[in-house]
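What the coordinates show
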Amino acid sequence: MEIKAVTVMEAWQAAIRHILSEGIVFIDDDKRECREVRNLTVTVEKPSSAADGVRAMRSCRRWKYPSEEELANIMLNKEAASIYDYLYGQRIFDYNGKSDQINDFVIPLLQNNPNTRRAVVSLLNPVRDLHPDAKNVLGISLIHFRIVEKRLCVTTIIRTSGFFTGWPANVFQIAKLQEHVAHALSLPPGPLTTISLNAHLHSGNFDDIEHVLGEDILKGIKRSE
Amino acid sequence: MHPLDASILEAFRRDPSRAFSTSELVRDVFPKKYGQLNQQIHSQDRKTIRQGYATKAKLHRKLLYHVNKLVEQQLLKVSGLRGKGEKLFVLAMEEGEIVIKDKAHRIVISKPGAMATPVDGDVKEGLIRKFQPNSWLNKQNAIMLDARAYTSFEELQHRLQQVFPGVNDTIAIYSFERLLDDNINEAKRFLENLCLDAHDYNSAVSILISIRVLKHDELLLQLLKEVLPRMPRQVSFIFSVTPRLLTRKESFFRNLLQLFAEEKRKLNLKNSALVPAPIFFGRAGTYSFTSEDWNYYKSKVRGKAPGCVVGQLSMVVDIKQFFSEGGTITGFRELATRAANAFFEVEEQRRKHFAEYFGFLNLSNLDASKQFFKVGRSYLRFWNYEWDVEDESPIFDLLGSVKEEVDKFCTMQETIFKSCGLPIRFKVGLSTSFAKFDQELFSERRYQKTAISTTKELQTKKMKDYLQIREQLFRVFEGADRLRFFIARGVSTDETMSISRYLLSAYDLPCFTLDFRGKAGELKLTTFMEDS
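First, a word on what this report is: a plain description of the structure on this page.

When its secondary structure is counted, chain A shows eight helices and eight strands. Rg of the C-alpha trace for chain A: 18 Å, near the compact-globule value of 17 Å for 225 residues, within the 12% margin. With respect to the three principal axes, the spread of C-alpha positions in chain A is 55 × 40 × 30 Å. Looking at the 225 residues of chain A, the share that counts as buried comes to 54%. Within chain A, residue pairs in contact and separated by at least 24 positions form 64% of the contacts whose partners lie at least 6 positions apart. Total accessible area on chain A stands at roughly 10,600 Å², and carbon and sulfur atoms take up 47% of it. Charge centroids of chain A, computed over 27 positive and 28 negative side chains, lie 3 Å from each other.

All right, on to the interface of chain B and chain A then. Contacts between chain B and chain A engage 27 residues on the former and 28 residues on the latter. The junction of chain B with chain A conceals about 2,400 Å² of combined surface from both sides, 56% of it contributed by carbon and sulfur atoms. A per-residue breakdown of the area chain B buries against chain A is headed by K370(B), C420(B) and P423(B), which together make up 23% of the total. Between E345(B) and K64(A) there is a salt bridge, with the nearest N and O atoms lying 2.4 Å from each other.

What links the strands of a sheet is backbone hydrogen bonding, and the strands pair in either a parallel or an antiparallel sense. Residues and elements named next belong to chain B. Strand order in the open sheet made by the three strands is β1-β3-β2, with antiparallel pairing throughout. A single partner strand is all that each edge strand has here, and the edge strands are β1 (20-21) and β2 (76-82). Relative to strand β3 (residues 86-91), β1 runs antiparallel, the two sharing two bridges. In the strand pairing of β3, F20 is matched with F89.

Attention now moves to the pattern of salt bridges. All names here are of chain B. Going through the model one piece at a time under the given rule, you end up with 35 salt bridges over all chains. Residue D28 is joined to R27 by a salt bridge in which the shortest nitrogen-to-oxygen separation is 3.2 Å. Judged by its relative accessible area of 5%, R27 falls in the buried class. Its salt-bridge partner being E250, residue R254 comes within 3.1 Å of it at the nearest N-O pair. Note that R254 and E250 are positioned in helix α10 (residues 250-262) at a spacing of four residues, about one turn of the helix. The network of salt bridges with shared partners includes E250, R254, D494 and R501.

With that settled, consider unusual backbone geometry. Here the phi dihedral of K150(A) falls at roughly 60°; this positive angle occurs in a residue that is not glycine. Looking at where K150(A) falls in the secondary structure, it is placed in the loop between β5 (140-148) and β6 (151-158). Of note in this structure, K264(B) is not a glycine but carries a positive phi near 55°. Taking relative accessible area as the criterion, K264(B) reaches 41% and is therefore assigned partly exposed.

This paragraph deals with the environment of M75(A). Residues and elements named next belong to chain A. Looking at the element boundaries, M75 is found in helix α3 (residues 68-76). M75 gets classed as buried once you look at its relative accessible area, which sits at 0%. When the C-alpha atoms of M75 and N170 are compared, they prove to be 9.5 Å apart, with 95 residues separating the residues in sequence. Non-local contacts of M75, meaning those with residues more than four positions away in its chain, are made with Y88, G89, I92, F93, I140, I143, Q173, I174 and L177.

It is worth spelling out the packing of aromatic side chains at this point. A full pass over the atoms with the stated rule returns 32 aromatic pairs over all chains. Relative to F164(A), the ring of W63(A) lies with its centre 5.9 Å away and its plane at 85°, an arrangement referred to as edge-to-face. Of this pair, W63(A) sits in the loop between α2 (51-58) and α3 while F164(A) sits in the loop between β7 (161-162) and α7 (167-185); the two residues are 101 residues apart in sequence, bridging distant segments of the chain. Like F164(A), W63(A) is buried. On the basis of an interplanar angle of 85° and a centroid distance of 5.5 Å, the ring pair of Y174(B) and W294(B) is categorised as edge-to-face. Of the two residues, Y174(B) is situated in strand β8 (residues 167-174) and W294(B) in helix α11 (residues 291-301); the sequence distance between them amounts to 120 residues. The pair formed by Y174(B) and W294(B) is uniform in burial state, with each residue classed as buried. Here the aromatic cluster, defined as three or more aromatic residues joined through ring pairs, consists of F322(B), F323(B), F332(B), F382(B) and F477(B). The lysine or arginine in question, R381(B), covers the ring of Y379(B), its NZ or CZ lying 4.6 Å from the ring centre. Lying across the ring of F281(B), R482(B) places its NZ or CZ 5.0 Å from the centre.

What counts as what
- Residues numbered from 1 in each chain as written.
- Chains lettered and ligands numbered in written order.
- Predicted model: local features only at pLDDT ≥ 70, side-chain atom pairs only at ≥ 80, totals over all residues.
- Heavy atoms only, no water.
- Helix = DSSP H or I, 4+ residues; strand = E, 2+ residues; numbered from the N terminus.
- Rg over C-alpha atoms; globule rule 2.2 N^0.38 Å.
- Buried < 20%, exposed > 50% of the residue type's maximum accessible area, 1.4 Å probe, protein only.
- Contact = heavy atoms within 4.5 Å.
- Areas by Shrake-Rupley, 256 points an atom, 1.4 Å probe, with all protein chains shown as cover.
- Lys, Arg positive; Asp, Glu negative; His and termini not counted.
- Charge placed at Lys NZ, Arg CZ, Asp CG, Glu CD.
- Buried area = accessible area lost by both parts, 1.4 Å probe.
- Salt bridge = Lys/Arg side-chain N within 4 Å of Asp/Glu carboxyl O.
- Pairing = 2+ DSSP bridges.
- Phe/Tyr/Trp six-rings, centres within 6.5 Å; stacked < 30°, edge-to-face > 60°.
- Lys NZ or Arg CZ within 6 Å of the ring centre and 35° of its normal.

By themselves, these observations are geometric and do not establish any function.
In structure tokens:
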């Protein structure tokens, strides 16, 4: 399934409606009931609207949502911090303590070869992350940059995406990285696509979804099996 | 910049909100010399003492020359006087960031402004209080150092010097017995220095000893005999025992009880058959581990990090005051959730300045540093918690429901942040508060409490009911509680042994204190809990 929308808010709402109506019910590792669809592709034409989702989540007083500053920082800062189990920025800019995948690879590659399809950033580290007892495994696994029609497009593979709580933050983080690369290439950002291998919603969040995105979002949708 | 100027500014960088006395700056800037002169001052030899004071005066003069220079440069200012006219110095700027640099040094000092939190209205109304709010951003409540990670007392002492400035309540030394060997002089010197540091930093210290592991029983008794008389009350020993061990090592225990009784000290016993994880005390209250966190510590932290943070932040609610001023049960739960919210907001700020504030540990690698912070939690503490809200609603039901709400909030926050690619830990535990948290502001409560002379006094119906309620509270607080029994003057060691055996075997009380200061009669709670 592919959802295309101009803004993040439109894409987010459409994706949530799709998961609610088409998703199958399952119980996750933490024994919570979820609805999920597999391989959900969502494209946002204007990634400049990425902060809107974060702001909508932050306006709700039921929880504390990460600030734009902290979200951007963990994506763009390569300094590993002791308080996070992993840090996207470190994986991107200092992979294994050896490789700056953006400044030493993606940017020069796209500068020298604008038609390349090799501008890929890998975040998952199989040696570190993939153990049977590992609980905190990165969501954003791979980011692909491509110049199309003189715009920098980005496609991201997300291993699993909590579409209500996590996706707005993930899109904001990817948009920040896209902005960084686009600026270095002197190009405008193009569409931003996420491919969520597992896109899910927790049944316990249905009231919160209405609260943030309005009552209409759940209209005509059967709430539970 | 003169290296001494840089060292002085470094002390302010580590603790930007603090007012430093000249002595404190001397200690931070000349740690080695300060340690030596302190030993001289506390020696038995008059000449050595005189030399110590002369060195101290010299260091004070030297330091003041540089401090005054920084005052002239408007980097520091005098904020007041302490004791016999000793000046206190603070950063001249109110808040913000300042960069001081020359060819050899670059020091960035950021001083956070007062941080608004969702409980500030409640604080103003006196419903809740923050513990050490001035150091909320840059200090931890409680750190435990694991003696297994050190090969000598000297090495442990070195780590303690790094840790003391980053703690605003207490430090625990776990497995102290593992560093004891045939020579007690090193242990004695270590404890003497520890007492001085605890006094200087106004920090509590708990020394945790496992009787099961202890090999040098006689040596420990000898050591205690020498150090206990001069040990400040803020340094305490907590012995980990089981009912079976009490029988197996009866002779040792008799000597231990006798020694603490003679010195009129508090003897803390932790029942490790009930709770294997450490329990220890600060001025704010008790600190503990959940069983899940302790298992994590044993499997992932031990061997990688030299210890761990156990307590991050504390707040206390005076339950009696809350309900006597018209508070409702719903309002109480809402207040607890606001407190959890406040903890979370402060944690967000602490993450932002993490390297700056918590880099003092200087841990060897990132993994060690990660594990060091992996099991810490903040504490919502309660004062006058045995006050019944309604007859039909015992207090532990209320606390149980508060715990459920707070746990739910913590899990929700962890889930949201994890789904956003920020895998953080956020936990809030419930516990009791000690009077020293904020003695002046607490409501008083009268306890019909007499000192105990015999085991029989623990077997009355009233006492049994009371102990059963305390057992339930221990469960709600996941071990983060402590029960204290005053032992009457003149009680025999046989009887104290019998009391200890009874308390260890008849009830599920993870930790209790036998206080040999022999108080009797009706006590206010504030008196009952004093020096805790």
